[in-house]
Each structure stands twice: as structure tokens, then as C-alpha cells.
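Structural overview
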Amino acid sequence: MISATLLSQLPKHVHRLVQGVSNRSVADLQQLCDQVADLSTPKLCILQPVFYIHLHPDCVPAKSTPATTIDIELARWSFAGIVAIFDNIDIDSCIEAKEYFISAWNRVVPWLLFFHDQFIMCRANHRPVDKKLVIGLVGNILYHAYSARDGDTPLLATTPSLYRLIVELWLLALNVKDKDALSAQHPLSHSRYPYLTPIKLITPILAAGCMHDEAFMPVVLEVSGDIGAVASTALKYVKTVRSMAQDPDAILRSSTSPELFAHMLSFCIRFIMEMSKCSVTMREECIVRQSVREIFSTSRVIQLLLSSAETMEQRLKPSFLWSFEYLADLLDHADDTVSVLHQALRSHALETALSTSRPLEMDHSDNCITSSVLLMLYDHLVHDKILTYAWKHVDSWSNTLGSIAMQDKTIRKCWFTVESKIRLYASLKSREETMRRPSPNEKGWVLRCYCGDTTEGIQRRQCSGCQVVRYCSKRCQRDSWYSHHKWSCQFLK
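To keep things clear, this report deals only with the structure shown in the data block. (Residues numbered from 1 in each chain as written. Predicted model: local features only at pLDDT ≥ 70, side-chain atom pairs only at ≥ 80, totals over all residues. Heavy atoms only, no water.)

Now for the pattern of salt bridges. Considering all chains together, one arrives at nine salt bridges under this definition. Of the charged contacts, one joins arginine 123 and aspartate 117 as a salt bridge, the two residues approaching to 2.7 Å between their closest N and O atoms. For aspartate 117, a relative accessible area of 26% translates into the label partly exposed. One salt bridge in this structure joins aspartate 395 and arginine 423, with 2.8 Å as the shortest N-O distance. Residue aspartate 395 is located in helix α20 (residues 384-400), and its partner arginine 423 is located in helix α22 (residues 409-435); the two are separated by 28 residues in the primary sequence. Because the salt bridges share partners, they merge into one network encompassing Asp117, Arg123, Arg164, Glu168 and Glu222. (Salt bridge = Lys/Arg side-chain N within 4 Å of Asp/Glu carboxyl O. Buried < 20%, exposed > 50% of the residue type's maximum accessible area, 1.4 Å probe, protein only. Helix = DSSP H or I, 4+ residues; strand = E, 2+ residues; numbered from the N terminus.)

Counted at 1.5 Å a residue, the expected span for helix α8 (residues 131-147) with its 17 residues is 24 Å, and the 24 Å between its end C-alpha atoms agrees. Two to three positions downstream of the cap, the backbone nitrogen of lysine 132 sits 3.1 Å from a side-chain oxygen, assigning the N-cap of α8 to aspartate 130. (Expected span 1.5 Å × (residues − 1). Polar contact = N/O pair within 3.5 Å; in protein donor to acceptor, adjacent residues only side chain to side chain.)

Moving on, we get to unusual backbone geometry. Negative phi characterises most residues that are not glycine, and trans characterises most peptide bonds. At cysteine 122, a residue that is not glycine, the phi angle is positive and equals roughly 60°. Considering the arrangement of structural elements, one finds cysteine 122 in the loop between α7 (105-120) and α8. On the basis of relative accessibility, which here comes to 37%, the residue cysteine 122 falls in the partly exposed class. Positive phi, normally seen in glycine, also occurs at histidine 348, with a value near 70°.

Shown next, in the form of C-alpha cells:
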């Protein structure tokens, strides 16, 4: 409890309410929550312990019954007071408030589990507290626990007992219809008037914050029952981000931060990456076919949304890095890498990389994102599907390349190399197709050879490599090989 000396520093009417709270008055506790916005930061630090008085673990009931209503209401308004304090102070700069929250965390956790189990998951017959309200309170507390750190570790990640709660809330959040079910100041905002964030943007961040712990993924699989369901949910979150980013009304609402879209997307990608490591089948059948397209389409939408911002790259950097790290990981491990890269190209991955105004370095690589993607493309140009797509878009890619990026010597050199290879291979492919295009006549199909002569199909000599191109003689075959076919043979296979 607060000492008499500190209590005397509070206004008289607040002092009176504190005394009422100590006597288990729900009405006084509710009024005290309403007073938080009018108090200065030093006074809020003095008042903070009052909101933890009735959160003692021994007071947590086994289940919600009419007899436990007062304890539940006291805990509910205690949570409301804690959230109100966080909304009115900068917890990162107010060390005292953050340290007290961390020290009292063990008192908060049992009540979080109780409220989630009884009211969010609706496992109680007697529910004196509205489900939507509980989702907001629990989500706010968890979010602030994610941003608070006990040493170098997020406070949330030090509490494995909350993992099931986080996973269930993550699976549930997409079905919460009310956009304002959770309104929390997120730690990514540095403006005087912080953005408020709906729960469907919060829960992926909470889940991703626990992924470093090996004990988290087994809980995810246990709760969901199927790894495919988890991946499907993560993809739905990615689609949700894109949908919200494309909604002008959502951008204008104070409940949504455009900056948060990029961070939420990065957390979803990390989650999908972890899922792909758990199951090869899921990676090949689900992730490759759907996630690449969804991730890069969303990245492009967010990039266009923030294209007018001066700090665009810094705000987009998390999602940029994770998107392309994921692509690089798939190209290293997927069975059908051509389909992976083709999906990425069709989803504007290269345009996204080329449009950055400054080079962003990828983790575990000496190359920036733009150079890395260009190298991926360069390595796959021997495949007909990739070459056909690249040839169709090479001019637009050249126009898309950012003026600042072009000033980077490495990127400029890399692009010119890739562009030259695209045009060369496309020319060789066109030439081969012309030579092997058959023309019907009275005697059947006739092929125009490298030398320009024609011969009947039964006399043609076939290349043993690609088994596509045929020649009228060994000499023509040899000349063709040294002229161009040793390159084009690769993408004709």
C-alpha cells in the first residue's frame, strides 16, 4: 500500500477514493480509473500500486460464480486502471512505473489466465463482464508486457504459462468483428498522439514475441491441432493487413497506424517461416503456393501506401527484410524453386526491391535487398518460365529502378548484368524457336537448321542436352554450340 507521506501528495478527492479502494469499494475503484487522465506522471507513479492491491493470486477464484462477482469486478477495474496509467505516461521513459509493473507481474498473470479462460473463451456460465471488454483489457496488458523487458528478455516471453492464452487469442482475433475491441498505444509510435491499435494487429506481434522459446511451438500445435491450420491463420493475417492497407477509411481512422502494417507483416512472415521448418509437406504444398504471393503483394501495397513518407525505408525495413529473407530461405530449401521465384515476381517482389530509395542490407548477407533479388533472378534465368516473365517486364523494371538506388555502384552493376543476360537469353531463345519451328508441306514437317538450310525430320540430328534443337549436320551442330547454343541449351531443357 502507499505510505502516508506519498498519499498526502495526491489530491484530497483522490486520497478519499484510495481509502475506499482499500476497503474493497468497486465504485471508488471505478471513479479512481476516471481520475487517471487528470493526474501528472509523478502522481500516477505514486498511485500505481493501488491498482494491484486486489490482484493477489490467492484471490483468483476457481471459476466465475455469483459469489465471486465482487472479486472479479475489483480485478476488472484494477486492469482498467493499469491500462489507463500506461495510456497516460511514457512507460519507456518512466523507469519507476515500468519497474513496478515488472515486479508485480506475478500478481497479474493468474488473473489474466482467469479472465481469458472464463470470459474470452466463454468457459464460465456466470459472466458478469462483457467478452469484448475483457478482450480489450487482456490484450492491452499483454501488449504492454511485450514492450516491457526484464533485462534483455521481453516480459511476456518469461511467462510460458501464458503461451496457451496467446495462441488462443491469436486464433480468435480474426473473428472479432468490432475494430475497436482493443485500443492500445503501440511502442512503434513516437508521436504525441499515439495510434490506437485493433486486436487483429496486436495478436501476431504477441505470438511472434514468444517464438524464440522452443516451448512455444508445441503449444501452438497443441492448441490448433494441425500445423496447416496455423499456417492458414497466419496467411489470413497477411491478407487482413493488405485489406486494411487498401482501405482509405482504415488509414484515416485513429485506430490504425500505417507504420504498424509493416511490423505486423514482418511478424506474420516470421511465424510462417517457423511453420515451414516444422513440416516439409506444408512448406511445399501450402507455403510455396500461397504465402509468397500473399506476402509480396502485401509488401507492395504497404510500400505504395507509405511511398510519400520521408522515412519510408526505415518504417518498411522490418517487413522488407523478412519478406526477402523468407524468399531466400525458400529458394534454398523448396523443391520447386522456379515456382517460388515465379510467384514472387508475379507479386511484384522485384518492383518492391527496385523501388527502395536507399540500399537495405539483408541479414547474414553482404548484399542489399535489391542486389540479392537481382542475383536470385540472374541464377534462375536459365529456366524458361522465369526468362519469359523477365523478358516481358525488363523494360518496366528498368524504369522502376530508383534514381538513388541507381547511384549505388553495386546495384547499378548488378542490374546491367541481369538486364544484359535477360536480353541475350531472350534473343537466343527467339532464335532457337525460329530454327526449330516446323512448317508443313507435302512431305511432312521440315526444320530450318542453324545454317539456314532445311531438311526432312527423319534426317535431323538432335542435341543430346536439351533434346529440342536439331541440325542437318555435325558441323552445324558444332558451330551452333560455340555460337550460342551452349547458353540457350540450359533453358530449353
